[in-house]
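Remarks on the overall topology
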Amino acid sequence: MFSLLDGIRKLKARRQEALQVISAIADRPDEVVELITFYSAIGAQSELVKGENSTATDQDKAELERMEKSFSLRWNNLSVDKQKELVGRLLEKGLLPGIVKQALDIFDGTVVSLV
């Protein structure tokens, strides 16, 4: 009788642990949202480094390069559907020029790389 009760307690504890893990996974922000934020940060850093009368240091330039490589790796790990979703949301937010949307529509194209 005791082993049955112990088994039920263990089952309840494992179920509770599983629910916590599922909750932690569900709380993870959407990867597309993260990449949109990351892309806008790259844009800001790029303006600092490549803008007119730039006072960017070598460290700033190296940071921009690291950010771009990191973004490219994450972009390459996205599925094609997620890539399309990301490009669409970047266009909606005005982070990509409108000419990109026109080119995609005219040529029925896909974006291969963003950075």
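Use the structure listed above.
All of the points below concern the structure found in this document. (Residues numbered from 1 in each chain as written. Predicted model: local features only at pLDDT ≥ 70, side-chain atom pairs only at ≥ 80, totals over all residues. Heavy atoms only, no water.)

**Section: the overall build of the protein chain**
For the protein chain, the count of helices and strands is 5 helices and 0 strands. Over its C-alpha trace the protein chain gives a radius of gyration of 22 Å, far above what one expects of a compact globule, namely 13 Å for 115 residues. Taken over the C-alpha atoms alone, the protein chain extends approximately 80 × 40 × 20 Å along its principal axes. Here the protein chain, with 115 residues, has 21% of them falling under the buried criterion. Long-range contacts, defined as pairs at least 24 residues apart, comprise 62% of the intrachain contacts of the protein chain with a sequence gap of at least 6. Of the roughly 8,800 Å² of accessible surface on the protein chain, 55% is carried by carbon and sulfur atoms. (Helix = DSSP H or I, 4+ residues; strand = E, 2+ residues; numbered from the N terminus. Rg over C-alpha atoms; globule rule 2.2 N^0.38 Å. Buried < 20%, exposed > 50% of the residue type's maximum accessible area, 1.4 Å probe, protein only. Contact = heavy atoms within 4.5 Å. Areas by Shrake-Rupley, 256 points an atom, 1.4 Å probe, with all protein chains shown as cover.)

**Some thoughts on the packing of helix H3 (residues 58-77) against helix H4 (residues 80-92)**
Running from N to C, H3 and H4 point in directions that differ by 125°, and their axes come no closer than 8 Å. By the angle class used here, H3 and H4 are oblique. Contacts between H3 and H4 pair Phe71, Trp75 and Asn76 from the former with Gln83, Leu86 and Val87 from the latter. (Axes fitted to C-alpha atoms, helices over the stretch in contact; angles between N-to-C directions. Parallel < 35°, antiparallel > 145°, perpendicular 65-115°, else oblique.)

**Focus on the pattern of salt bridges**
Overall, the coordinates contain 9 salt bridges when judged by the stated rule. Note that Arg74 is salt-bridged to Glu34, the shortest N-O span being 2.8 Å. Here Arg74 is found in helix H3, whereas its partner Glu34 is found in helix H2 (residues 31-50), with 40 residues between them in sequence. Measuring nitrogen to oxygen at the nearest pair gives 3.2 Å for the salt bridge that ties Lys101 to Asp105. With Lys101 and Asp105 both in helix H5 (residues 98-107) and 4 residues apart, this pair spans about one turn of that helix. The partly exposed category is assigned to Lys101, whose relative accessible area is 42%. Taken together, the shared-partner salt bridges in this structure form one network comprising Asp30, Lys82, Glu85 and Arg89. (Salt bridge = Lys/Arg side-chain N within 4 Å of Asp/Glu carboxyl O.)

**What to know about the packing of aromatic side chains**
Throughout the structure, instances matching the rule amount to 2 aromatic pairs. On the basis of an interplanar angle of 50° and a centroid distance of 6.0 Å, the ring pair of Phe38 and Phe71 is categorised as tilted. Separated by 33 residues along the polypeptide, Phe38 in helix H2 and Phe71 in helix H3 bring together distant segments of the chain. Using a relative accessible area of 17% as the deciding quantity, one classes Phe38 as buried. With a relative accessible area of 1%, Phe71 lands in the buried category. Between the aromatic rings of Tyr39 and Phe71, the centroid separation amounts to 5.6 Å while the plane-to-plane angle is 50°, which identifies the pairing as tilted. One end of the pair, Tyr39, is in helix H2; the other, Phe71, is in helix H3, and 32 residues separate them in sequence. Of the two residues, Tyr39 and Phe71, both sit in the buried class. Here the aromatic cluster, defined as three or more aromatic residues joined through ring pairs, consists of Phe38, Tyr39 and Phe71. (Phe/Tyr/Trp six-rings, centres within 6.5 Å; stacked < 30°, edge-to-face > 60°.)

By themselves, these figures tell us nothing about what the structure is for.
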